[in-house]
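What the coordinates show
Listed below, chain by chain, are the residues.
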Amino acid sequence: SITENAGGHPALSPEVLGKEIRDLGTEVIIHFSCKDKNRNQMESLLFSWNRQGLHNLLVIAGDYPKQGYRGLPMPVFDLDTVQALDLLAFLNQENEQGAESQRPGFSPTSFVKGVAVSPFKHLESELVMQYCKLQRKVAAGADFVITQVGYDARKFHELLLFMRQKKLSVPVIGNVFVPSLKVAQYMFEGRIPGCVMPESLYEQIQWEARSPDRGREARLLRAARLLALLQGLGYNGAHICGPCLRYEDLDFIVRSAAELLPGWRSLIREFSFWPGNAFYYYRADPDTGLNLDDPAPRQARSSVDPGFAVARWVHDLAFSPAGTLHDPMKKVCLAFVNGRYENALARFEHINKAILFGCRNCGDCTLAELGFLCPQSGCAKYLLNGPCGGSREGWCEVYPGKKRCFYVLVYERLRSLGREGEMASGFLLPRNWELNNTSSWINYFSGRDHLGRGDK
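This write-up is about the structure you can find in this document. (Residues numbered from 1 in each chain as written. Predicted model: local features only at pLDDT ≥ 70, side-chain atom pairs only at ≥ 80, totals over all residues. Heavy atoms only, no water.)

1. Concerning the overall build of the chain
Short version of the rule: For the purposes of this entry, the term helix denotes a DSSP run of H or I that reaches at least four residues, the term strand denotes a run of E that reaches at least two, and both are numbered from the N terminus. In this description the radius of gyration comes from C-alpha coordinates, and the expected globular size is given by 2.2 Å times residues to the power 0.38. The buried label goes to any residue with under 20% of its type's maximum accessible area, the exposed label to any with over 50%, and the partly exposed label to all in between, with areas taken from a 1.4 Å probe on protein chains only. Reported accessibility uses the Shrake-Rupley method at a 1.4 Å probe radius. Residues are deemed covered only where the shown protein chains occlude them. The charged-residue count follows a simple rule in which Lys and Arg add positive charge and Asp and Glu add negative charge, with His and chain termini not counted at all. A single reference atom marks each charge: NZ on Lys, CZ on Arg, CG on Asp, CD on Glu.
Within the chain, the regular secondary structure consists of 15 helices and eight strands. Over its C-alpha trace the chain gives a radius of gyration of 24 Å, about what one expects of a compact globule, namely 23 Å for 456 residues. Considering only C-alpha atoms, the chain reaches an extent of 80 × 55 × 45 Å along its principal axes. Residues counted as buried form 48% of the 456 residues belonging to the chain. Summed over all atoms, the accessible surface of the chain reaches about 22,000 Å², with 54% contributed by carbon and sulfur. Here the chain contributes 53 positive and 49 negative side-chain charges, whose respective centroids are spaced 4 Å apart.

Below, the structure is given as structure tokens:
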């Protein structure tokens, strides 16, 4: 499994190393991130990888870029992971249907598409949004799922239970991460996006480090126990990883796990490294140490934000087909099309929406679908279909302690109306840059926005 610019730092392009390893006879999984490429570059790269026989992908949003040549590079994120999966399914679909490719000069591709999910989130809002996005990913064509790093049996079981209840029938791979002391410290301090090191486990690792081998054997034994636990729970495979692992370490983990497998249930309570006040999707099963089938109680619905309520009322009145002002508003807006005052209307709309919503004048407005919060100004990665995996205790990966995760805010608004489940079905099409700096009102009524283009 070969990362692409992990941590947001520039590194060797993963297909270079991937091709060398594959030529030696070992299959590889290439990480395909959305952080540095627009959709055209994505297609070009995918045609190249397909030609080179690199067909196994892990599709991720990617870590926010760090300092590069003479400053911070521009974050691209033209597509999010759900949209990238839709692109990959489109490139594969002619192959699956036996039809000719819709890309002249190129044969259909044959990609296997993996995605990541993190059940290791502290807040209800973070966790539910992770699972909603997972449903969208599977619907968009994900072929397998891999978990983020974690060390809690109930959380690993929770994901399997959720997928079974939602009929998400794709293989699931558990993450068995063996941290060095330094990496454990970085994880505990929140310096690795999306990777959580609970305080109780960090203290245990520090105590183990007092041994002559600095705790190395203890960390490998923990990995073996976790591998046996995952196999006992029913995971389809495991991703065994960590810095400075040797082949003899891998052999030790696999052999030890095989010996431990018959008694895997006795390992459940060893892996309870999760804060007691963190949210679990299901109720605890006191007999097994895992989860019951019953969902845990959700937080009480907050009162509807007054600004949100007014925005929804105006939208339903003027932009919903059943709204009283829909037809008059449509006539007015279409009367401006290609007229001398079209730009004036666009400026009027932008000024009002910039004041109210922080509008970036994309011309393809998604406020109504996202709790009247703007993803172009509110999300550091401009994601339209759910959160990345980098939030920590509700804070944005890019602005920890300063800015709350955009999708935590979206969840709270939708939850206040009991509509948070809307984030689990369909998906928003990518932004159409042809509409940039134009009136989204005109684009909506003329059928040019994401709704008119056949949003799913």
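2. A few points about the packing of helix α4 (residues 124-139) against helix α14 (residues 406-416)
As a reminder of what qualifies: Throughout, an axis means a line fitted to C-alpha atoms (over the contacting stretch in the case of helices), and angles, computed between N-to-C directions, take values from 0 to 180 degrees. An angle below 35 degrees is treated as roughly parallel, one above 145 as roughly antiparallel, one from 65 to 115 as roughly perpendicular, and anything else as oblique. Two residues form a contact once any of their heavy atoms are found within 4.5 Å. Only Asp, Glu, Lys and Arg are considered charged, only Ala, Val, Leu, Ile, Met, Phe, Trp, Tyr, Cys and Pro nonpolar, and every remaining residue, Gly among them, polar.
In contact at an axis separation of 9 Å, α4 and α14 are set at 90 degrees when each is read in the N-to-C sense. Considering the angle they form, α4 stands roughly perpendicular to α14. Between α4 and α14, the contacting residues are E124, S125, E126, V128 and M129 on the first element and Y407, V408, Y411 and R415 on the second. Split by residue class, the contact of α4 with α14 holds five nonpolar, one polar and three charged.

3. Points about a nonpolar patch on the surface
The line we're drawing: Exposure above 30% relative accessible area and the absence of a salt bridge qualify a residue for a patch, where like charges join within 9 Å and nonpolar side chains (Val, Leu, Ile, Met, Phe, Trp, Tyr) within 5 Å. The term salt bridge refers to a pairing of a side-chain nitrogen on Lys or Arg with a carboxyl oxygen on Asp or Glu at a separation within 4 Å.
The grouping of L12, V16 and L17 at the surface amounts to a nonpolar patch, some 250 Å² of accessible area in total. Within the secondary structure, V16 sits in helix α1 (residues 14-23).

4. Considerations on the side chain of E158
Stated formally: Each polar contact in these results corresponds to two N or O atoms within 3.5 Å; when the atoms are within protein, one needs to be able to donate a hydrogen and the other to accept it, and residues that are neighboring in sequence are counted only if both atoms are side-chain atoms.
Mapped onto the fold, E158 is located in helix α5 (residues 153-165). One polar contact links the side chain of E158 to the main-chain amide nitrogen of Y281, over a distance of 2.7 Å. The residues touching E158, leaving out its near neighbours within four places in the chain, are P119, L127, Y131, Y280, Y281, Y282 and N291.

5. Quick notes on the sheet that holds strand β2 (residues 56-60)
Where we set the bar: One requirement defines pairing of two strands: DSSP has to find at least two bridges between them.
Taken in spatial order, the six strands of this open sheet run β1-β2-β3-β4-β5-β6, and their pairing is parallel. Each edge of the open sheet carries a strand with a single partner, namely β1 (30-33) and β6 (237-241). Each strand axis lies, on average, 30 degrees off the axis of its neighbour in the sheet, ignoring direction.

6. Concerning the packing of aromatic side chains
Our working definition: Two aromatic rings from Phe, Tyr or Trp, using only the six-membered ring of Trp, form a pair when their centres are within 6.5 Å; if the ring planes differ by under 30 degrees the pair is stacked, by over 60 it is edge-to-face, and anything between is tilted. Cation placement over rings: the criterion is NZ of Lys or CZ of Arg within 6 Å of the ring centroid and within 35° of the ring normal.
Under the defined criterion, the tally for this structure stands at 18 aromatic pairs. With 5.0 Å between their ring centres and 65 degrees between their planes, Y281 and Y282 make a pair best called edge-to-face. Grouping residues by exposure puts Y281 and Y282 together as buried. Plain terms: the ring middles of F357 and F372 are 6.2 Å apart, the flat faces sit at 40 degrees to each other, and that makes the pair tilted. With a gap of 15 residues between them, F357 in helix α12 (residues 342-357) and F372 in the loop between α12 and α13 (375-378) connect regions that are remote in the sequence. For F357, a relative accessible area of 22% gives the class partly exposed. Positioned above the aromatic ring of Y280, the side-chain terminus of R154 is 3.7 Å from the ring centre.

7. Here we look at α14
Across the eleven residues that make up α14, a large majority, eight, are buried. Buried residues of α14: F406, Y407, V408, V410, Y411, L414, R415 and S416, and no others. Where α14 is buried, its residues meet α4, α10 (306-318) and α13. With its phi angle positive at about 70 degrees, G418 sits one or two positions after the end of α14.

8. Details of the pattern of salt bridges
What the rule picks out here adds up to 23 salt bridges. Its salt-bridge partner being R225, residue E270 comes within 3.5 Å of it at the nearest N-O pair. On the criterion of sequence distance, the pair formed by E270 in the loop between α9 (247-260) and β7 (282-284) and R225 in helix α8 (residues 216-233) is long-range, its members being 45 residues apart. The exposure class assigned to E270 is partly exposed, which follows from its relative accessible area of 39%.

9. Things to note about unusual backbone geometry
Even without glycine at this site, K167 takes up a positive phi of about 55 degrees. Mapped onto the secondary structure, K167 falls in the loop between α5 and β5 (172-177). K167 gets classed as exposed once you look at its relative accessible area, which sits at 70%. One non-glycine residue, F372, adopts positive backbone phi at about 55 degrees. Take F372: its relative accessible area is 8%, and that puts it in the buried class.

10. Side note on the packing of α4 against α5
Threshold: Each crossing is labelled by how the near helix is turned from the far one, with a counterclockwise turn of less than a right angle marking it left-handed and a clockwise turn marking it right-handed.
Across the interface, α4 lies against α5 with an axial gap of 12 Å and an inter-helix angle of 45 degrees. As the angle between them shows, α4 and α5 are arranged oblique. Of the two elements, α4 crosses α5, and the hand of that crossing is right-handed. Side by side, α4 and α5 meet where L127, Y131, L134 and Q135 of the first sit next to K155, E158, L159, F162 and M163 of the second. By residue class, the composition of the contact of α4 with α5 is six nonpolar, one polar and two charged.

11. Quick notes on the nonpolar core
What counts is decided by this rule: The criterion is simple. A nonpolar core is a set of buried Ala, Val, Leu, Ile, Met, Phe, Trp, Tyr and Cys residues joined through side-chain atoms within 4.5 Å.
Core analysis: the biggest nonpolar cluster contains 106 residues, and L134, Y151 and Y407 have the highest contact counts within it. The greatest single-element share of this core, amounting to nine residues, is contributed by α8.

12. Notes on the pairing of strand β4 (residues 144-147)
Along any regular strand the residues' side chains alternate between the sheet's two faces. Selection rule: Whether a crossover is right-handed depends on one test, that the path from the first strand over the helix to the second runs clockwise when the strands point away from the viewer.
The side-chain alternation of β4 yields two buried faces, one formed by F144 and I146 and the other by V145 and T147. Alignment of strand β3 (residues 112-117) against β4, held across four bridges, turns out to be parallel. If you follow G114 over to β4, its bridge partner there is F144. Bridging between β4 and β5 involves two bridges; their strand directions are parallel. Considered in β5, the bridge of I146 is made with I173. At this point the chain moves from β4, through α5, to the parallel β5, and the crossover so formed is right-handed.

None of this, on its own, says anything about what the molecule does.
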